[in-house]
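Residue-level structure breakdown
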Amino acid sequence: MGIYEKPSDQFLDKIDSVFNIQSPRAHGLDTVESIVAMKKGKAKVFVGMGGNFLSATPDTNYTAAAMQNCNLTVHVSTKLNRSHLIHGKEALILPCLARTDKDLKNNELQFISVENSMGVVHSSRGSLTPTSDRLKSEIEIVVHLAQSTLKNSPIPWDKYLTHYNHIRTDIEKVIPGFENYNTRVRQDAGFYLPNAARESRFLKSTGKAAFSTNTYKGIDLQAEEYLMMTIRSHDQFNTTIYGLDDRYRGIYNERRVILMNKEDMASMGLSKMDVVNLSNHDDNRKREAKNFIVVPYDIPSRCVATYFPEANVLVPISKTAKRSGTPVSKSVVIRIERAVSL
């Protein structure tokens, strides 16, 4: 859908031609860059559409300070979460319809389209009566913001509120692969997004895939350091925790755990169910996550695993992938020490 801080000129040219506008061409900031900008006072307003920003992002304490440095924080939300409590000088919470709620426009039940993990676009419509007739959909909130701020806009905002078909029609005009959008999204199984691998469609010149080779430089760990990765459980969707069980790994009734190699445990004198504190000192700033339960697990020596988002506090804001800007949540150097019993 083009939700990207560095959209291509080709994409922006298409938007400009369809809507008769002149879109800005300067690139924006990704998630980590936005957090740093808020912390430095360069970004002063935060608006979040859904999600639990504070819990989902890296370096939790740094991110919290960044949020509190804003003049205004706004959350469009279906339910309360931790992010609402860590806010700027002024704060707004705008409740909205959930995907499970009925969304009526002109007495017709609307649906939105979503993409599943298999790259299939399909419809999603609610069946529950909203808790209040004053709740707006996310679409309504965005449209009303646009109408209030973009005066004399050639974009047909009013039409989008009469029926969501109009939004999909305009998406079809801009985004490749969405031809006959309103028809195909109503199919029981939806439709696949374009996928070069599945369609054997690669380089235009040869039709073949191009591979590259890269050199790998390992991480040199000091004697008392471990390489931590964060993982998710079966009973989890992003930062939403539906239960404390992880049937993938045989862990039940707890999430504040650290999975360790048995030999590493023995070298530290640790036993199953011992409690430890985790820490690191990247950027000359100590990060600490206390009271994690040790669980023996078949994991390579000097490597450990913890759950996301419980261990996000340890992920340094300054460590990201070079091209994507993604936090290095799978390669966090930490130290482990036994928690002091009170």
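For the structure given in this document, a descriptive report is provided here. These numbers were taken from a predicted model, which means no experiment stands behind them.

1. Remarks on the overall build of the protein chain
Helices and strands together make up the secondary structure of the protein chain, namely 9 helices and 16 strands. Buried positions account for 38% of the 342 residues belonging to the protein chain. When contacts within the protein chain are restricted to residue pairs at least 6 apart in sequence, long-range pairs at least 24 apart make up 60% of them.

2. Describing the nonpolar core
Val121, Phe178 and Tyr181 are the most contacted members of the largest nonpolar core, which has 20 residues in total. When contributions to this core are tallied by element, the ones reaching two or more residues are helix H1 (9-19), helix H5 (138-149), helix H6 (157-160) and helix H7 (165-174). Top contributing element to this core by residue count: H1, with 4 residues. Excluding residues that lie within four positions of it along the chain, valine 121 makes contacts with Ser113, Val114, Glu115, Phe178, Tyr181, Val185, Gly190, Phe191 and Leu193. Core analysis: the next-biggest nonpolar cluster, separate from the first, contains 19 residues, Tyr226, Phe292, Ala311 and Leu314 among them.

3. So, the environment of asparagine 277
Residue placement: asparagine 277 occurs in strand E13 (residues 275-280). When the C-alpha atoms of asparagine 277 and alanine 289 are compared, they prove to be 5.9 Å apart, with 12 residues separating the residues in sequence. A polar contact is formed between the side chain of asparagine 277 and the backbone nitrogen of asparagine 291, at a distance of 2.9 Å.

4. Points about the pattern of salt bridges
Side chains bearing opposite charge may pair, as long as their charged atoms lie close to each other. By the definition in use, this model includes 18 salt bridges. Note that glutamate 199 is salt-bridged to arginine 201, the shortest N-O span being 2.9 Å. On the accessibility criterion, glutamate 199 (38% relative accessible area) is partly exposed. Close ionic contact of aspartate 282 with lysine 319 constitutes a salt bridge, the shortest N to O distance being 2.5 Å.

5. Overview of the layout of surface pockets
To find the voids left in a structure, one rolls a probe of water-molecule size over its atoms. One number sums up the size of the second largest pocket: a volume of about 350 Å³. Tyr216, Lys217, Ile219, Leu227, Lys319, Thr320, Ala321, Lys322, Val328 and Ser331 are the residues that line the second largest pocket. Among the residues making up the lining of the second largest pocket, the classes are represented as 5 nonpolar, 2 polar and 3 charged.

6. Let's talk about H7
Within H7, burial applies to Arg168, Asp170, Ile171 and Val174. End-on, the buried residues of H7 take up no more than an arc of 165°, which puts them together on one face. Buried residues in H7 make contact with H1, strand E6 (112-115), H6 and helix H8 (181-184).

7. Looking at a nonpolar patch on the surface
Taken together, Val45, Val47, Met49 and Val142 make up a surface patch of nonpolar side chains, about 330 Å² in accessible area. Ranked by the residues each element gives to the nonpolar patch, the list is headed by strand E1 (residues 45-49), at 3 residues. If you trace the backbone, valine 47 turns up in strand E1. According to the relative accessible area criterion, valine 47 is partly exposed, its value standing at 48%.

8. Remarks on the sheet that holds E1
Strands in a sheet are paired, the pairing made by backbone hydrogen bonds, and the direction either parallel or antiparallel. Within the open sheet, the 3 strands sit side by side as E1-E2-E3. Their pairing is parallel. The strands lining the two open edges of the sheet, one partner per strand, are E1 and strand E3 (90-95). Taken pair by pair, the neighbouring strands of this sheet meet at an average axis angle of 10°, ignoring direction. Pairing between strand E2 (residues 72-77) and E3: 6 bridges, direction parallel. By the bridge assignment for E3, serine 77 is matched with proline 95.

9. Quick word on helix H2 (residues 31-39)
Of the positions making up H2, those classed as buried are Val32, Ile35, Ala37 and Met38. Of the residues flanking the start of H2, the one acting as N-cap is aspartate 30, its side-chain oxygen 3.2 Å from the backbone nitrogen of valine 32. Among the residues trailing H2, glycine 41 stands out with phi positive, at a value near 80°.

Parameters and conventions
Residues numbered from 1 in each chain as written. Predicted model: local features only at pLDDT ≥ 70, side-chain atom pairs only at ≥ 80, totals over all residues. Heavy atoms only, no water. Helix = DSSP H or I, 4+ residues; strand = E, 2+ residues; numbered from the N terminus. Buried < 20%, exposed > 50% of the residue type's maximum accessible area, 1.4 Å probe, protein only. Contact = heavy atoms within 4.5 Å. Core = buried A, V, L, I, M, F, W, Y, C linked by side-chain atoms within 4.5 Å. Polar contact = N/O pair within 3.5 Å; in protein donor to acceptor, adjacent residues only side chain to side chain. Salt bridge = Lys/Arg side-chain N within 4 Å of Asp/Glu carboxyl O. 1 Å grid on protein atoms, 1.4 Å probe; cavity = no way out; pocket = protein on both sides within 12 Å on 5 of 7 lines; lining within 4 Å. Points joined across faces, edges and corners; volume = space filled by probe spheres on them. Nonpolar A, V, L, I, M, F, W, Y, C, P; charged D, E, K, R; others polar. Arc of directions from axis to C-beta. Patch = residues over 30% accessible without salt bridge, like charges linked within 9 Å, V, L, I, M, F, W, Y side chains within 5 Å. Areas by Shrake-Rupley, 256 points an atom, 1.4 Å probe, with all protein chains shown as cover. Pairing = 2+ DSSP bridges. Axes fitted to C-alpha atoms, helices over the stretch in contact; angles between N-to-C directions.

Functional significance is not addressed by these values, which are geometric in nature.
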